[in-house]
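# Coordinate inspection notes
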Amino acid sequence: MVTMSERRVGIMGGTFDPIHHGHLVAASEVQHLFGLDEVIFVPTGQPWQKADKRVTAAEDRYLMTVIATASNPRFRVSRADIDRGGPTYTHDTLRDMRELLGTGAELFFITGADALGQMLSWRDAEEMFKLARFIGCTRPGHVLADPGLPEGRVSLVEVPALAISSTEVRDRVRAGEPVWYLVPDGIVQYINKWELYRD
Ligand code: ATP
Ligand code: MG
């Protein structure tokens, strides 16, 4: 009897304030390396790690994520974290994705080296590793190490190095410096149209 193979789905969580080519390259590379059927980008509601910082309206971050991913047939965007409201915990994200995709899907949570390093301190960390495999991607300026993460549930991969962060994009816009080629063209235009990051 032929059994239907499981659907393999990447989950890329982030604040995406704004989304940049570092996010897109990491997602694309993991999609390729792990033969994922699709990658779902999930912009955070209120990121709890950034509670003390000003974060752009969720709707703007969501729309920019849609604009940046629209042309890739394997990329899509979920509103789950934004619509849940309140602070976003990755455990909730994964639980919602599991519910959305059913038990026939294998989940791969994609994260950069910096976020992976903090992961053990995240709420419900143990439960998270039951819901998904974790893929830690190299990120310039951050050490990619396995800080005692559960055996067999975490893979570390090297992705093309792009030393880009949303913080730097915001700072550049504020300073009147160009962000062309750091973010997709549509994002440059969206930032200008709505005058984001000008303070
Ligand atoms: P900020 O500077 O506002 O924190 P950021 O660039 O770190 O923004 P996030 O939205 O915080 O972007 O990150 C979402 C996810 O993408 C995290 O797992 C992060 O590690 C990963 N990531 C972000 N930038 C890169 C990059 N240049 N290379 C690899 N991974 C990245
Ligand atoms: Mg970050």
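We now turn to the structure provided with this report. The model shown is predicted, which means the values in this text are computed figures rather than measured ones.

## Notes on the sheet that holds strand 4 (residues 75-77)
Spatial strand order, 4-2-1-6-7-8: 6 strands in an open sheet with parallel pairing. With one partner strand each, in any of the chains shown, strand 4 and strand 8 (154-157) form the two edges of the open sheet. Across the sheet, the axes of successive neighbouring strands diverge by a mean angle of 25°, strand direction being ignored. Where strand 1 (residues 7-14) meets strand 6 (residues 105-112), 6 bridges bridge the pair, whose relative direction is parallel. Within strand 6, the residue paired with Ile-11 across the bridge is Phe-109. Where helix 4 (residues 90-101) meets the sheet, its contacts fall on strand 1, strand 2 (38-43), strand 4, strand 6 and strand 7 (133-137), and the angle it forms with strand 6 comes to roughly 150°.

## Quick word on the pattern of salt bridges
Counting across every chain of the model gives 17 salt bridges. We note a salt bridge from Asp-83 to Arg-79, for which the minimum N-O separation is 3.2 Å. In this structure, Arg-84 engages Asp-96 in a salt bridge whose closest nitrogen and oxygen atoms are separated by 2.9 Å. Placement of Arg-84 in helix 3 (residues 80-84) and of Asp-96 in helix 4 is noted, with a sequence separation of 12 residues between them. By relative accessible area, which is 27% here, Arg-84 ends up partly exposed.

## Examining the site of ligand 1
Inspection of the region around ligand 1 gives 21 residues, with His-23, Asp-114, Leu-162, Ser-166 and Thr-167 positioned closest. In this structure, His-23 approaches ligand 1 through a side-chain N or O atom, which is 2.9 Å from an oxygen atom. In the environment of ligand 1, a nitrogen atom lies 3.1 Å from a nitrogen or oxygen atom belonging to the backbone of Ile-164. A total of 610 Å² of accessible area belongs to ligand 1 in isolation, and the protein chains cover 90% of it. Listed by contribution, the elements that provide at least two residues to the shell around ligand 1 are strand 1, helix 1 (21-33), strand 6, helix 5 (113-118) and helix 7 (166-174). In terms of residue class, the shell around ligand 1 is built from 5 nonpolar, 12 polar and 4 charged.

Parameters at a glance
Residues numbered from 1 in each chain as written. Chains lettered and ligands numbered in written order. Predicted model: local features only at pLDDT ≥ 70, side-chain atom pairs only at ≥ 80, totals over all residues. Heavy atoms only, no water. Pairing = 2+ DSSP bridges. Helix = DSSP H or I, 4+ residues; strand = E, 2+ residues; numbered from the N terminus. Axes fitted to C-alpha atoms, helices over the stretch in contact; angles between N-to-C directions. Contact = heavy atoms within 4.5 Å. Salt bridge = Lys/Arg side-chain N within 4 Å of Asp/Glu carboxyl O. Buried < 20%, exposed > 50% of the residue type's maximum accessible area, 1.4 Å probe, protein only. Near = heavy atom within 4 Å. Polar contact = N/O pair within 3.5 Å; in protein donor to acceptor, adjacent residues only side chain to side chain. Areas by Shrake-Rupley, 256 points an atom, 1.4 Å probe, with all protein chains shown as cover. Nonpolar A, V, L, I, M, F, W, Y, C, P; charged D, E, K, R; others polar.

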